[in-house]
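Each chain is listed here by its residues.
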Number of protein chains: 2
Amino acid sequence: MPDSPYLPLYELTRGEIVESIHFGALAVCDANGRLVAWYGDPQAVAYLRSTAKPFQALPFLEQEGKSTFDLTPAEVALICASHSGTDTHVATVLSIQSKTGVREADLLCGVHPPYDEATLEAMRERGEEPSPNRHNCSGKHTGMLAYARLKNWPGEDYIQPSHFVQQSILRAFAEMCDLRPEQVQLGIDGCSAPNFAAPLKSVATAYARLCDPSGLSPGRAAACRTITSAMTLHPEMVAGPGKFDTILMECGQGKIVSKGGAEGYRGIGLLPGALGPSSPALGIALKISDGDPRGRATHAVSLEALRQLGALSADQLESLAEFGPVLPVHNWRKLVVGQARPAFRLQFDGR
Amino acid sequence: MPDSPYLPLYELTRGEIVESIHFGALAVCDANGRLVAWYGDPQAVAYLRSTAKPFQALPFLEQEGKSTFDLTPAEVALICASHSGTDTHVATVLSIQSKTGVREADLLCGVHPPYDEATLEAMRERGEEPSPNRHNCSGKHTGMLAYARLKNWPGEDYIQPSHFVQQSILRAFAEMCDLRPEQVQLGIDGCSAPNFAAPLKSVATAYARLCDPSGLSPGRAAACRTITSAMTLHPEMVAGPGKFDTILMECGQGKIVSKGGAEGYRGIGLLPGALGPSSPALGIALKISDGDPRGRATHAVSLEALRQLGALSADQLESLAEFGPVLPVHNWRKLVVGQARPAFRLQFDGR
């Protein structure tokens with residue numbers, strides 16, 4: 001029997017019995033790397049996918065990218081985004097490109113239709129084909145190219161793992177995780193940039209430090225504050241209309257950063273004070289084992305983890321209720337035939 | 001830690017590491033109910049969903065429904081189908097309805113757009129809204145109503161669990177499984193008809209008996225043969241263009257019946273001789289724990305189970321290669337970034 005780091009995390013009932021179960025694991029850490037709570041194996045290793053984006057923006061901002069190119073918080077948020085490809089998102093990407101001298105044609109992210117249904121429909125009506133700027137990662141790729149321009153590095157091969165841009169990002173990410181770069185496993189992301197796999201515990205620590213960078217160097221700490229401030233000021237730039245990360249950060253009122261990734265990954269950062277006066281920053285990293293392509297588990301599990309940590313008030317949970325944590329299951333005639341619900345209790349250190 | 005009947009069954013790599021894992025379980029039985037092979041807990045209980053359809057057709061056929069209404073094998077196959085809603089499928093449903101006096105308006109399955117993309121596009125172009133006959137279960141519901149007419153039972157509430165039609169179906173299904181009706185758990189299906197949950201081992205036994213009904217009563221045995229013959233003669237009626245069950249049964253050349261269900265369920269029957277001269281019939285029941293909404297695990301796992309059982313030749317595996325069992329994972333620029341592959345070895349009785 002193979003060993004697995006994953007345990008039953010979210011389940012769907014039909015009638016009286018459980019029909020389906022999503023497995024997964026999650027870790028909650030503070031900025032010192034202390035494991036505060038977990039479920040499944042907190043050492044489970046998985047790719048962060050787009051959950052890595054704030055760290056992929058980090059060295060560019062640490063090297064004064066924002067002030068050099070006079071970027072706005074909305075533009076910084078978009079560099080950390082998996083955006084929905086709306087016209088507003090594209091206008092913001094274009095603005096970054098105009099300020100930094102990056103051209104859309106230089107982006108190596110590929111092309112996919114925008115996630116936002118209304119945008120897709122409007123594009124269909126006017127016969128517009130999607131271009132790279134509609135890609136959910138266009139802000140990240142523009143940021144990587146802007147970083148190369150900032151440092152006068154060649155731009156052509158900016159997504160090669162050996163490129164200065166990627167080496168710099170890898171070092172920054174590893175440091176945030178308390179890992180050596182060679183402990184971070186590399187893979188090619190959906191957008192062709194390098195992506196990182198690391199233990200959940202390490203990623204939770206990195207998100208906690210993003211939210212409380214007081215132990216980091218002044219330059220990095222300032223860059224972390226630039227990122228969390230931009231993401232919480234402009235949640236609409238980080239994802240898009242109706243998207244979980246956007247709505248969670250809106251509800252979080254400056255105290256929560258949230259960044260989902262493909263294949264059921266999510267990182268959440270709780271800023272100091274999110275759990276009450278003088279509460280420390282915490283980071284959460286979670287992985288739904290099966291990748292959860294329809295997103296029916298990741299959102300609800302994220303909410304349930306926040307609920308069990310005491311990070312959301314009754315009012316906040318009410319505002320987020322469309323995402324769970326407990327939801328009815330409907331059939332084609334809209335009859336309620338079952339329930340989708342969390343199947344985990346966080347384990348807490350010392351209890 | 002909660003106990004689970006499911007184990008890692010199918011995995012996706014990115015670079016050098018496993019990124020995502022689908023959990024599941026499966027059972028392989030012969031017509032005597034002997035467990036021949038398994039993975040995970042063969043007693044795992046899950047809803048069959050559309051995998052139940054051949055058994056939902058069984059009592060109607062046992063009661064001479066086919067000869068009474070002069071149904072063709074293609075029409076019988078459609079009564080056992082989760083069809084794609086093509087014009088051919090709808091014409092076949094209409095033919096059954098015309099022969100049996102059932103009206104489309106009597107179907108209580110609800111409405112969804114047809115699964116077949118080309119059909120959906122053509123309907124959009126001519127402004128046609130989907131009607132119940134396009135529903136993947138319209139054949140099943142027509143068969144249930146035809147059964148009520150055959151027996152002169154009232155038709156209105158034919159999907160109530162207490163209705164004669166449903167009670168008769170439940171008894172037949174339970175008998176095929178070697179269970180008492182009260183051991184079968186009931187839930188409401190996507191199409192609002194009752195659905196059954198049973199141990200994988202019991203469902204595997206039922207599929208083996210469907211394929212070798214020699215131990216059953218003559219009437220039921222004849223009905224089983226009518227079903228397997230109809231499904232293998234008309235695989236295109238059981239699912240649709242490009243669909244796994246259709247293509248697997250085409251490749252199976254009369255020796256394999258296959259019926260998928262929602263939430264990652266599938267039943268497969270191997271007819272006598274499928275594994276070589278004088279091999280006994282076998283039934284396979286499998287469940288992907290997370291429900292596998294994109295179908296990236298169920299097809300590949302089905303093929304891998306058949307491969308490990310020796311049920312598919314190299315040529316057959318080649319014809320089915322688009323479904324796995326090992327597939328490349330591509331990104332937006334069509335780069336190969338990883339591999340999707342089975343993560344299980346069947347356990348065999350006595351080895």
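Residues numbered from 1 in each chain as written. Chains lettered and ligands numbered in written order. Predicted model: local features only at pLDDT ≥ 70, side-chain atom pairs only at ≥ 80, totals over all residues. Heavy atoms only, no water.

## Quick notes on empty space enclosed by the protein
At step 1: A full pass over the atoms with the stated rule returns three cavities of 30 Å³ or more.
At step 2: The calculated volume of the largest cavity comes to roughly 50 Å³.
At step 3: Those elements giving two or more residues to the lining of the largest cavity turn out to be α1 (53-62) and α6 (138-150) of chain A.
At step 4: Looking at side-chain class alone, the lining of the largest cavity contains six nonpolar, two polar and two charged residues.
At step 5: Of the volumes computed, that of the second largest cavity is approximately 40 Å³.
At step 6: What lines the second largest cavity is simply Lys-53, Gln-56, Ala-57, Phe-60, Ile-79, Lys-140, Gly-143, Met-144 and Tyr-147 of chain B. (1 Å grid on protein atoms, 1.4 Å probe; cavity = no way out; pocket = protein on both sides within 12 Å on 5 of 7 lines; lining within 4 Å. Points joined across faces, edges and corners; volume = space filled by probe spheres on them. Helix = DSSP H or I, 4+ residues; strand = E, 2+ residues; numbered from the N terminus. Nonpolar A, V, L, I, M, F, W, Y, C, P; charged D, E, K, R; others polar.)

## A closer look at the pattern of salt bridges
Pairing between side chains becomes possible if they bear opposite charge and their charged atoms approach one another.
At step 1: Within this structure, the stated rule accounts for 40 salt bridges over all chains.
At step 2: Residue Arg-126 of chain B is joined to Asp-87 of chain B by a salt bridge in which the shortest nitrogen-to-oxygen separation is 3.7 Å. Taken as a pair, Arg-126 of chain B in the loop between α5 (117-125) and α6 (138-150) and Asp-87 of chain B in helix α4 (residues 87-100) lie far apart in primary sequence, 39 residues in all.
At step 3: The closest approach of N and O atoms between Arg-124 of chain B and Glu-121 of chain B, which form a salt bridge, is 3.8 Å. Taken together, the residues span about one helical turn, with Arg-124 of chain B and Glu-121 of chain B both in helix α5 at a distance of three residues.
At step 4: The class of Glu-121 of chain B is partly exposed, set by a relative accessible area of 38%.
At step 5: Linked by salt bridges that have partners in common, Arg-14 and Glu-19 of chain A together with Arg-49, Lys-140 and Asp-189 of chain B make up one network. (Salt bridge = Lys/Arg side-chain N within 4 Å of Asp/Glu carboxyl O. Buried < 20%, exposed > 50% of the residue type's maximum accessible area, 1.4 Å probe, protein only.)

## Section: the sheet that holds strand β6 (residues 194-199) of chain A
Residue and element names in this part refer to chain A.
At step 1: Reading across the sheet, the three strands line up as β4-β6-β5 and stay open at both edges, with antiparallel pairing between neighbours. Here the strands that pair on one side only, and so sit at the sheet edges, are β4 (45-47) and β5 (185-188). Across the sheet, the mean angle separating the axes of adjacent strands is 30° when strand polarity is ignored.
At step 2: Across four bridges, β5 lies against β6 in antiparallel orientation. Considered in β6, the bridge of Gly-187 is made with Asn-195.
At step 3: Packing against the sheet, helix α7 (residues 164-177) makes contact with β5 and β6, and its axis sits at approximately 15° to β6. (Pairing = 2+ DSSP bridges. Axes fitted to C-alpha atoms, helices over the stretch in contact; angles between N-to-C directions. Contact = heavy atoms within 4.5 Å.)

In short, the description is geometric, and any link to function would need to be established separately.
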